[in-house]
Amino acid sequence: MNTYKRDLFLKEFAEMIDSMVDYEHFSRERLVDNLCRMARLFRLTKVITEFYKNITDEKDGKGEVLCDFDEGPAEVVVMKKEIITKIGAIVRVTAYSSKDMEELDEEEERYLAIVLRSLMSYVGRNRLQTAVEVLAYHDGNGYPNFAYYFRHLEKMNRQGGLYGYTAIMYNLKQFSLINRDIGLEHGDVVMRAHFETVKALVADKGAVCRVGGDNFAAIFPTELLESVISFLDNASIGYDPQISSTVEVSAYVGVFVIPKEFRFERPGNIVEMIMPACQAAKASDKGDVYYASLKNLEMKENVSRVRRHFEEALEKGEFKAYYQPKVDVETGKIIGAEALCRWIRDGKTIQPMEFIPILERNTDICRLDFYMLDLACKDIRRWLDEGKKAVRVSVNFSRKHLVNPKLLDDIVNVLQRNNVPYEYIEIELTETTSEGDYQKLKNLVEDFRENGIHTSIDDFGVGYSSLNIIRELPWNVMKIDRSLLPMSHAEKYNSSAVVYKHITAMASEMGIECLTEGVETLEQLEILKENSCMYAQGYYFDKPLPLDEYEKRMESGSYSVKDDE
Ligand code: C2E
Ligand code: MG
Ligand code: MG
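None of the values given here were measured: they were computed from a predicted structure. (Residues numbered from 1 in each chain as written. Chains lettered and ligands numbered in written order. Predicted model: local features only at pLDDT ≥ 70, side-chain atom pairs only at ≥ 80, totals over all residues. Heavy atoms only, no water.)

**Side note on the overall build of the protein**
The secondary structure content of the protein amounts to 18 helices and 20 strands. Over its C-alpha atoms, taken along the principal directions, the protein stretches across nearly 125 × 60 × 45 Å. The proportion of buried residues among the 565 residues of the protein is 47%. Excluding contacts between residues fewer than 6 apart, the proportion of contacts in the protein whose partners are at least 24 apart in sequence is 67%. Total accessible area on the protein stands at roughly 29600 Å², and carbon and sulfur atoms take up 50% of it. (Helix = DSSP H or I, 4+ residues; strand = E, 2+ residues; numbered from the N terminus. Buried < 20%, exposed > 50% of the residue type's maximum accessible area, 1.4 Å probe, protein only. Contact = heavy atoms within 4.5 Å. Areas by Shrake-Rupley, 256 points an atom, 1.4 Å probe, with all protein chains shown as cover.)

Here it is as structure tokens:
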């Protein structure tokens, strides 16, 4: 090369290398442009780059082979270079020339080697990025995974929101049986074909992914819901074209039609809706499709709110004991009261149904029950000290306490600590469902009886009451659930009235005090009197009252129970 040619050559060369190592701005067009330059500079006719993720792929010829430049006969291999990246990927580049092209001199060869190295490093980097993308957003079988779904949701949210779309999660029913019947390989074919059909239904308007196993998730415009559900409900999928065999595939589907007011903060918000919905669809016997609603979400949020604030609420004394009087139906006298919990938070009253069932999912309820017992004991002690009228107060104790072998001791401790005579406290327990619990409950009620602490069986008649529970356990009081109390005399001969009549008769014959809950009308009160139920509790007299109102009520200590008033 003469000096002039050499200068030009070096200038071109330097520009090319600069541009090839500028990874950020490197594009396919730029690559092709550089290859053309390279070809001109080094008199090449063809350049082929190959990329293999690993040696096995290379052996099997499973790689990407790109011919980025092809301008003439590839008769002579001018240079072939190969690199193996740190993670074992192979990049190879081969440069060709034609027979009648002037051969490269030594210096040109050195420069070409540098260019090819830069090219390989670019290709390697670029292809690895794609490979990483495939790995990150696909599972081992090549299905788009949850991360892919998440990325799609985020993109949708940025580009106009999710309103108008429906998200679903579905589980292929008994896919393990399908696998067993037709073999794993055919099972794979069926699953793939099923997936591809949903993907085609959704097309480019949404996304489908495999969550794992035989669980999938999708999102698509709501107008496609009907066709998607109809396919998921029952699809006939072929797996062996030679014998035209098909298998029926159906799915449990959890559906969330995304409403306008839905607040999307992260993809997890969608999963929180569709995952439990899919589980509900599986568990339900009312059909295979379950629609999630924001109400579910509110419930979930309520659960976490209750859990989060419980500890603090206990410390701050936000739980209060309300008292609902129990009344002697003949005399109208208040003979007792039930302590019922209310959570007063930020000036609002939260009803027990909103938090008790949540606390009952773990042992938090046990702490609350002891807290309530302590509150009741403190009030009783004060009434006694102030010379006020005091009656026996019953406190609800959850079934969760049955696992506590020291329950009786713990209760006795609270009574003694507050210096409350045992006769002022009654422990309400509910029926049990399992045999093991029944034994524990039996021992417990016997121990209470021996120690002189009153017990009552609460909500009798709800669920699967067994008569053994009143025959074999020495309760002091039976509290009949309001669902057993007839609404009026007109119901006198229906089955619940007959049950009510016999249960009250049985309790009184066995010497168990009998109280009916939920007495709301005078007519119902009459029904109690006509049967053998001595005590009533219900709105007819009072709702559960805050402490001050209850204390006022106790000043008179009775109600009128005559029809003429
Ligand atoms: P429960 O022990 O059966 O309490 C009676 C429930 O019936 C109370 O509801 C009471 O307000 C309601 N009630 C009373 N009279 C009437 C009436 O005439 N009509 C109607 N419709 N309802 C009436 P509340 O206070 O909402 O409590 C509900 C349940 O929450 C209680 O049922 C009890 O199972 C549970 N609970 C309340 N406080 C506690 C507690 O401190 N510990 C535990 N473990 N459970 C509690
Ligand atoms: Mg109760
Ligand atoms: Mg009850």
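Following the structure, the description resumes.
**Overview of the pattern of salt bridges**
Per the counting criterion, the structure on display carries 36 salt bridges. Taking the shortest distance from any N to any O, the salt bridge between Arg 43 and Glu 108 comes out at 3.0 Å. Separated by 65 residues along the polypeptide, Arg 43 in the loop between α2 (28–42) and β1 (46–52) and Glu 108 in helix α4 (residues 106–137) bring together distant segments of the chain. Both residues of the pair, Arg 43 and Glu 108, belong to the buried class. (Salt bridge = Lys/Arg side-chain N within 4 Å of Asp/Glu carboxyl O.)

**Notes on the coordination of the magnesium ion (ligand 3)**
At the metal site, the magnesium ion (ligand 3) is ligated by Asp 458 (OD), Asp 459 (OD), Glu 517 (OE) and Glu 517 (OE), and these contacts range over 2.0 to 2.4 Å. Mapped onto the sequence, the residues coordinating the magnesium ion (ligand 3) show the spacing D-D-x57-E. The two metals, the magnesium ion (ligand 3) and the magnesium ion (ligand 2), are separated by 3.8 Å and share Asp 458 as a common coordinating residue. Of this pair, Asp 458 sits in strand β17 (residues 454–460) while Glu 517 sits in strand β19 (residues 513–517); the two residues are 59 residues apart in sequence, bridging distant segments of the chain. For Asp 458, a relative accessible area of 6% puts it in the buried group. Taking relative accessible area as the criterion, Glu 517 reaches 12% and is therefore assigned buried. (Donors = N, O, S within 2.8 Å, 3.2 Å for Na, K, Ca; no water.)

**Considering the site of ligand 1**
Lining the immediate surroundings of ligand 1 are 24 residues, of which Asp 369, Asp 458, Asp 459, Glu 520 and Tyr 539 lie closest. With respect to ligand 1, the side chain of Gln 324 contributes an N or O atom lying 3.0 Å from a nitrogen atom. Contacts to ligand 1 include Arg 482, whose side-chain N or O atom sits 3.2 Å from a nitrogen atom. In isolation ligand 1 has 800 Å² of accessible area, and contact with the protein removes 86% of it. When contributions to the shell around ligand 1 are tallied by element, the ones reaching two or more residues are β13 (334–345), α11 (352–359), α12 (364–385) and β17. Ranked by residues supplied to the shell around ligand 1, first place goes to β13 with 4 residues. (Near = heavy atom within 4 Å. Polar contact = N/O pair within 3.5 Å; in protein donor to acceptor, adjacent residues only side chain to side chain.)

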